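Take a look at the letters that make up each chain.
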Amino acid sequence: MTTTPYVVLHGSSSSLILDCTGNAPAMLYWGTKLSANVDPGMLSILAKRQIANGAATEDLSITLCPTDGEGFMGQTGLRVHRNGQSWGVYTQIDAIEQPDAQRAIIRSSDKNSRVSMVHEIHLEPESNVVSTTTKIINDCEQELTVDWCAAATFGISPQYSDVISYEGRWAKEFQLRRQKQFVGTHVKENRKGRTSHDSFPGLLLAESQCDDLSGQVYGFHLGWSGNHRLCVEQLYDGRALVQMGELLFPGEIILGANESYESPIIYGLHSQTGLNGISQGYHQFVRNHILSTKQQQKERPIHFNTWEALYFEHSMEALSKLVKQAADVGAERFVLDDGWFRHRRNDDAGLGDWYVEESIYPEGLGPLIEEVTSSGMEFGLWVEPEMVNPDSDLYRQHPDWILQVPGTKPVEFRNQFVLDFSREEVTSYLFERIDALLKEYDIAYLKWDMNRDIHQPGNHLGRASVNAQTLALYKLIERLRTAHPDVEIESCASGGARADFGILRYTDRLWTSDSNDALDRLSIQQGLSLFFPPEVMGSHIGPKFCHITGRQLDIDLRASTAFFGHMGMEVNLSEFDEAEVIQLKNALKLHKKFRPLIHSGNLVRFKLNDYSHSFGVISEAQDQALYSYTETGGYPKHLPGQYIFHGLDESAEYRLEIIWPSKLKVPIYKDVMDHIKDKVFSGEVLRHFGLQLPILMPESVIIFHVTRV
Ligand code: GLA
């Protein structure tokens, strides 16, 4: 229990101070690290605001959970009531606990409305990520309806004027958009029942000068795979706030006596080194605190996935051929995608019937798995457990097992309904089926898909149920993981519609996007990379004619884009000519050589011009790095600019080597970059002067390997 009315938490580069002198905790300071003996009272005096004419004569703070009872007139952090009563919650702090130097638990209650509140806030010292939750408890017999309980509300200085948030769609997820804050509220609401393609629950608040490399910026992410509401509000008096929480449907959470609702976790981060500081902090946090140690210690095997190679055209003959080809080019894991189970000859039927289709696999999956494992690869299997097709044995037996709203017509998406996970018998059936497959076969990996939004989310009790559905999903995956601790799981939802820290706690890899178009992938992967490290980012070499965009891209570009994630292939290898097979083998070999660096290094993004993508991955010791430059096309001059090698040690000396492609795509081929071979350059000149890039054809790439001499 602390005796001062302030909570002070320090990380390696940031500090956070909560002011608990009022009725509720409020963010007093969050930013650049302050000294250990900082006097919070001093900040409090400096922060004192004048009261404007005609305004409330008392200062209404932006508390961690501003309420109607406090008279807060911006976005409140809590909306509850008991049949229209108890809506004006006004809590008083009862206790401030600091179990350790990095964590505070603040307990408050409102004796009048009979509700209690618990805020937990943790500043992880190495990454500086701040994790916060808010819990609301019903302290009386009468039911309490919770309509909204934000994870936290952070008062933020208005100097962070730019809101960088996400847009997107299927096959073009994680698109960043920068806008100026305005007086009023920037709101993103997601009612898709999954994290969504179009509203990734993350945003940044940046100073106007802030870019990838410099400036101050805050990052925020809600680690939750259901519905969400994110907002940035600038109040009429000039103050600003950020708030995130779970979007609840009417009556979704009704608390009985002593029951509680706990928000998902909001993960915040302050950076003084631009957007790269944000991604480096989140990457470190994911590596050390979200992924398991076991996962971190195992190298990520190169995937071969059957989807774009075969779609539903499964046959032992075609699969055996692919297994041989995949192993020959260097794949380390073979993932059998959609189409292997009963009735599933196209996407009209079969979801729910998790039994092997005997007409295609008369002896089960055993013979195929045997071929895969004896070729030295692991075997992975696609499942979509939350779904059912109306044309399935499961639906015919249990038409009442789906989420639906009584009296309405359930609407299908991709010919499928969502199973009601608030029914115990549904998750038991799914556990039994998947458990049986994992017990019978040598399956190292599940690709866990979820191919539709959840709308009309009514459960068997008539209640809205996205919250219960999401928690039950986590529980089912956890139960399977406990029973099969060596099985790894990928989170996929028609591409990247379920990528968030909530699901990542239960899974190992994210399927980033259904688009394997290398050019589109550059911005998709860039958007994802703000919050997620490369090793969880599923990234595949697709066909030459991209199936989704129709664009034709050569193997050098396709390979270079997949190279910087958890690499894989998803293509019919019989379409490759001999030269492409050689290039593919080279690319996979290179990835194997460099994946320890790609999957542990510090990512730096930077922009040379509007027609290219540039980034580097630098080892922690700064003794080696990879840098990528992709010219996307349309560059109006001959010469691209000087390539600056950000992130190198300025006091060290380095050698530069072009490791990809083997032959640069230049208009008239000469050994244009021979002059850098075997030369030594100081980190200082590489970092400040850079290298003149050669004249490149559109849609071409260069990857440099830089090594300390
Ligand atoms: C989704 C996934 C794809 C593939 C198909 C199978 O679209 O994102 O990768 O697995 O489902 O139906």
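Residues numbered from 1 in each chain as written. Predicted model: local features only at pLDDT ≥ 70, side-chain atom pairs only at ≥ 80, totals over all residues. Heavy atoms only, no water.

Asks: Can you walk me through the site of the ligand in this structure?
Replies: Around the ligand lies a shell of 13 residues, among which D337, D338, R414, K447 and D514 are the nearest. Interatomic distance of 3.0 Å between a backbone N/O atom of G495 and an oxygen atom of the ligand. Coverage of the ligand by the protein chains reaches 96% of its 300 Å² of free accessible surface. Each residue belonging to the shell around the ligand can be placed in one class, and the counts come to four nonpolar, three polar and six charged. (Near = heavy atom within 4 Å. Polar contact = N/O pair within 3.5 Å; in protein donor to acceptor, adjacent residues only side chain to side chain. Areas by Shrake-Rupley, 256 points an atom, 1.4 Å probe, with all protein chains shown as cover. Nonpolar A, V, L, I, M, F, W, Y, C, P; charged D, E, K, R; others polar.)

Asks: For this particular structure, what's the right way to read the packing of aromatic side chains?
Replies: Given two aromatic rings, their pairing is described by the distance between the two centres and the angle made by the two planes. Under the definition given, this model contains 39 aromatic pairs. Between W354 and W382, the aromatic rings sit 6.4 Å apart at their centres with planes inclined by 50°, giving tilted as the arrangement. Remark: W382 occurs in strand 23 (residues 378-383) and W354 occurs in the loop between strand 22 (333-336) and helix 6 (366-374); sequence separation between them is 28 residues. Taking relative accessible area as the criterion, W354 reaches 1% and is therefore assigned buried. With a centroid separation of 4.7 Å and an interplanar angle of 15°, the aromatic rings of Y474 and Y506 are classed as stacked. (Phe/Tyr/Trp six-rings, centres within 6.5 Å; stacked < 30°, edge-to-face > 60°. Helix = DSSP H or I, 4+ residues; strand = E, 2+ residues; numbered from the N terminus. Buried < 20%, exposed > 50% of the residue type's maximum accessible area, 1.4 Å probe, protein only.)

Asks: I keep staring at the nonpolar core and nothing clicks. Help me out?
Replies: Here is a general trend for soluble globular proteins: nonpolar side chains tend to be buried in one another's company. One finds F220, W340 and M569 to be the most contacted residues of the largest nonpolar core, which totals 153 residues. Structurally, this core is a two-domain feature, drawing no fewer than three residues from each of domain 1 (6-290) and domain 2 (604-708). Residues Y629, F645, L664 and M673 belong to the second largest nonpolar core, which totals 23 residues. (Core = buried A, V, L, I, M, F, W, Y, C linked by side-chain atoms within 4.5 Å. Domains from an automatic or database assignment.)

Asks: Explain the sheet that holds strand 10 (residues 152-156) to me, please; I cannot follow it from the model alone.
Replies: Strand-to-strand pairing in sheets goes through backbone hydrogen bonds, with the strands running parallel or antiparallel. Overall, antiparallel pairing links the four strands, which are arranged 10-17-16-13 in an open sheet. In this open sheet, the two edge strands, each paired with only one partner strand, are strand 10 and strand 13 (184-190). When the angles between neighbouring strand axes are averaged without regard to direction, this sheet yields 10°. By the bridge criterion, seven bridges tie strand 13 to strand 16 (residues 228-234) in an arrangement that is antiparallel. Along strand 16, the bridge assignment pairs K188 with L230. (Pairing = 2+ DSSP bridges. Axes fitted to C-alpha atoms, helices over the stretch in contact; angles between N-to-C directions.)

Asks: Looking at this model, I keep getting lost on the domain arrangement of the protein. Mind explaining?
Replies: Size of an interface, as often reported, equals the accessible area lost when the parts are brought together. Per the domain assignment, the segments of the protein are domain 1 (6-290) and domain 2 (604-708). Computed over C-alpha atoms, the centres of domain 1 and domain 2 are 40 Å apart. On the side of domain 2, five residues touch domain 1, which itself brings six residues to the contact. Interface area for domain 1 against domain 2, summed over the two sides, is near 430 Å², with a carbon-plus-sulfur share of 45%. By the criterion of area lost to domain 2, the three top residues of domain 1 are D212, L213 and N276, representing 74% of everything that side buries. (Contact = heavy atoms within 4.5 Å. Buried area = accessible area lost by both parts, 1.4 Å probe.)

Asks: What is the right way to read the pairing of strand 12 (residues 172-180) from this model?
Replies: A regular strand carries its side chains on alternate faces of the sheet. Sheet analysis places strand 11 (residues 162-169) next to strand 12, joined by seven bridges and oriented antiparallel. If you follow S165 over to strand 12, its bridge partner there is R177. Connecting strand 11 to the next strand, strand 12, in antiparallel fashion are two residues, including A171 with a positive phi near 65°.

Asks: Would you mind going over the pairing of strand 16 with me for this structure?
Replies: With seven of seven residues buried, strand 16 is to be regarded as a mostly interior element. Side chains H228, L230, V232 and Q234 of strand 16 all project onto a buried face; the interleaved residues R229, C231 and E233 project onto the opposite face, where all are buried too. Two strands pair when backbone bridges link them, and strand 16 and strand 17 (residues 240-245) are joined in this way by six bridges, in the antiparallel orientation. What sits directly across from L230, in strand 17, is M244.

Asks: Which parts of the structure should I look at to understand the side chain of H566?
Replies: Inspection of the secondary structure assignment puts H566 in strand 30 (residues 566-569). Taking relative accessible area as the criterion, H566 reaches 1% and is therefore assigned buried. Side chain to side chain, H566 and R509 meet in a polar contact 2.9 Å long. Once residues lying within four places of it in the same chain are set aside, the contact partners of H566 are R300, P301, H303, R333, R509, P534, E535, M537, G538, S539 and H599.

Asks: Please explain the sheet that holds strand 3 (residues 26-32) as it appears in this structure.
Replies: With antiparallel pairing, the three strands of this open sheet are ordered in space as 1-2-3. Edge positions in the sheet fall to strand 1 (6-10) and strand 3, since each has one partner strand and no second. Ignoring strand direction, the axes of neighbouring strands in this sheet form an average angle of 10°. Where strand 1 meets strand 2 (residues 14-19), five bridges bridge the pair, whose relative direction is antiparallel. Residue pairing across strands places V7 opposite L18, the latter belonging to strand 2.

Asks: Looking at this structure, I do not really get the pattern of salt bridges. What am I missing?
Replies: Side-chain pairs of opposite charge can arise whenever the charged atoms involved come near each other. Applying the stated criterion to the full structure yields 41 salt bridges. A salt bridge links E490 to R509; its shortest N-O distance comes to 2.8 Å. Residue E490 is located in strand 27 (residues 488-491), and its partner R509 is located in strand 28 (residues 509-511); the two are separated by 19 residues in the primary sequence. Each of the two residues, E490 as well as R509, counts as buried. When salt bridges with common partners are traced through the structure, they connect K172, D517, D520 and R551 into a single cluster. (Salt bridge = Lys/Arg side-chain N within 4 Å of Asp/Glu carboxyl O.)

Asks: Please explain the packing of helix 5 (residues 316-329) against helix 6 as it appears in this structure.
Replies: Helix-helix packing is described using two parameters, namely the angle between the two axes and the distance between the axes. Following both chains from N to C, one finds helix 5 and helix 6 inclined at 15°, their axes separated by 10 Å at the closest point. Classified by the angle between their axes, helix 5 and helix 6 sit roughly parallel to one another. The interaxial crossing formed by helix 5 with helix 6 has right-handed handedness. Taken together, the residues of helix 6 that come into contact with helix 5 (itself represented by M316, L319, S320 and V323) are P367, L368, E371 and V372. Of the residues belonging to the contact of helix 5 with helix 6, the class tally is six nonpolar, one polar and one charged. (Parallel < 35°, antiparallel > 145°, perpendicular 65-115°, else oblique. Left-handed = near helix turned anticlockwise from the far one by under 90°.)

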